[in-house]
Amino acid sequence: MAYKVASQSPAKLILLGEHFVVHGSRAVSAALDVFVEGVLIDDGMGNIEISYLDHVERYDISRDNVVTRFVKFLSQEYDVDSTPSLKIRFNFPTSAGLGSSASLASLLTKLFHKMYRGEEPQKEVIYNFGSKFEEYVHGNPSGIDLSTVVEGGVILYRRGEGVLDRIDSLDLGDSHIVVIDSGIRRSTGKLVANVTYNLHSLPEDIRKDVIDLVDSIVSYGWSSIKEGDSQSLANAIKSNHYLLKYIGVYKPKLDEIVMGFMDLGGIAAKVTGAGGGGCIYGLADKDIVRDIESYFRGRGYWVYTPKIYF
Ligand code: MEV
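Residues numbered from 1 in each chain as written. Predicted model: local features only at pLDDT ≥ 70, side-chain atom pairs only at ≥ 80, totals over all residues. Heavy atoms only, no water.

Structurally, the protein comprises domain 1 (3-167) and domain 2 (175-304). Each of domain 1 and domain 2 has a C-alpha centre, and these two points are 24 Å apart. Taken together, the contact pairs 38 residues of domain 1 with 43 residues of domain 2. Counting the surface lost from both domain 1 and domain 2, the interface buries some 3,100 Å², and carbon and sulfur atoms represent 68% of this. Of all residues in domain 1, Leu16, His19 and Phe20 give up the largest surface area on contact with domain 2, accounting jointly for 24% of the area buried on that side. Taking the shortest distance from any N to any O, the salt bridge between Lys270 and Glu18 comes out at 2.8 Å. Here domain 1 is connected to domain 2 by 14 residue pairs in polar contact (both at pLDDT 80 or more). For the side of domain 1 that touches domain 2, the secondary-structure elements that each account for two or more residues are β1 (4-16), β2 (26-41), α3 (123-138), β6 (154-158) and β7 (162-167). If you tally residues by element for the side of domain 1 that touches domain 2, the top one is β2, at six residues. (Domains from an automatic or database assignment. Contact = heavy atoms within 4.5 Å. Buried area = accessible area lost by both parts, 1.4 Å probe. Salt bridge = Lys/Arg side-chain N within 4 Å of Asp/Glu carboxyl O. Polar contact = N/O pair within 3.5 Å; in protein donor to acceptor, adjacent residues only side chain to side chain. Helix = DSSP H or I, 4+ residues; strand = E, 2+ residues; numbered from the N terminus.)

Here you go:
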């Protein structure tokens, strides 16, 4: 009988500083209590089944894509002669700013390590192998997505320096986070390249000022989070929102969602992750979260009120 192992990895939500983190600013990100789950079956068949929220894909290892490339890479690293089969289920939208590629990279590394080393991998192993997958998908990742899913909790991060500070929970009093998926799918790699192009179209001193400004906003937001001051965090979110608009990651539908969220009484909202589509997140008083959820769900959007995973 073929052996099986199972594991899971969380989604992530960038609260402040995405894109600018690729260029040196700090950023804040949280791991969420919604997961990609998987089972690895050591049957030598190389069959891959991936269930998304709205469809299922089935193929075998002979197909060339980022998943099969990573599975072949891990098979080599773990000296596996005949490729195992995988069953994966995403319980959150993919290619939508919630860290699906980092989460999948972490999950696949955990599954291979559990099956072929008989134990959970050390964090360093997930960083080492997972960053390979992130490079296939992103081209130029800052590393924040993988750090968030590996460390859990809420982190303050800088590229090249890693996790600068971390807390286990987010206590914002009566304010709650709400995540709304626009349903528009996009490529993180292309968006990172576009933003890099836009930033590099600016004179160097202005580019530096913009990145430094975001870094100050992130620092202000991080202090607000640690003090549980949701009004100051809301100010940081709004400022970050306008700078993300400035570097071109919004689409009319994303603007519509932000405006709808604010019209319903939300405190602040912005794109999360690479933008261009994907998810918006916002802060809202607990008394109106239900109204926001039913308004957007009624219009066919995936809406989620997360808890922090740590
Ligand atoms: C993607 O989740 C976050 C970006 O800042 C890219 C990165 O940091 O690798 C857009």
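So much for the structure itself; the text now carries on.
Another point: the site of the ligand. Around the ligand sit 14 residues in total, of which Lys12, His19, Pro141, Ser142 and Asp145 are the nearest. Side-chain polar atom of Lys12 to an oxygen atom of the ligand: 3.0 Å apart, as the coordinates give it. Separating an oxygen atom of the ligand from a backbone N or O atom of His19 is a distance of 2.8 Å. Relative to its free-state accessible area of 300 Å², the ligand is covered by the protein chains to the extent of 98%. Of all the elements in the fold, those that place two or more residues in the shell around the ligand are β1 and α4 (144-151). Across the shell around the ligand, the residue classes break down as seven nonpolar, four polar and three charged. (Near = heavy atom within 4 Å. Areas by Shrake-Rupley, 256 points an atom, 1.4 Å probe, with all protein chains shown as cover. Nonpolar A, V, L, I, M, F, W, Y, C, P; charged D, E, K, R; others polar.)

On to the packing of aromatic side chains, then. Summed over the entire model, instances satisfying the criterion amount to 14 aromatic pairs. Judged by centre distance (6.1 Å) and plane angle (40 degrees), the ring pair of Tyr78 and Phe112 falls under tilted. In this pair, Tyr78 sits in the loop between α1 (66-77) and β5 (85-90) while Phe112 sits in helix α2 (residues 100-117), placing the two residues 34 residues apart along the sequence. Taken together through their ring pairs, the aromatic side chains of Phe70, Phe73, Tyr78, Phe112, Tyr116, Phe129, Phe133 and Tyr136 make up a single cluster. Positioned above the aromatic ring of Tyr136, the side-chain terminus of Arg69 is 5.7 Å from the ring centre. Over the ring of Tyr250 we find Lys245, and its NZ or CZ is 4.9 Å from the ring centre. (Phe/Tyr/Trp six-rings, centres within 6.5 Å; stacked < 30°, edge-to-face > 60°. Lys NZ or Arg CZ within 6 Å of the ring centre and 35° of its normal.)

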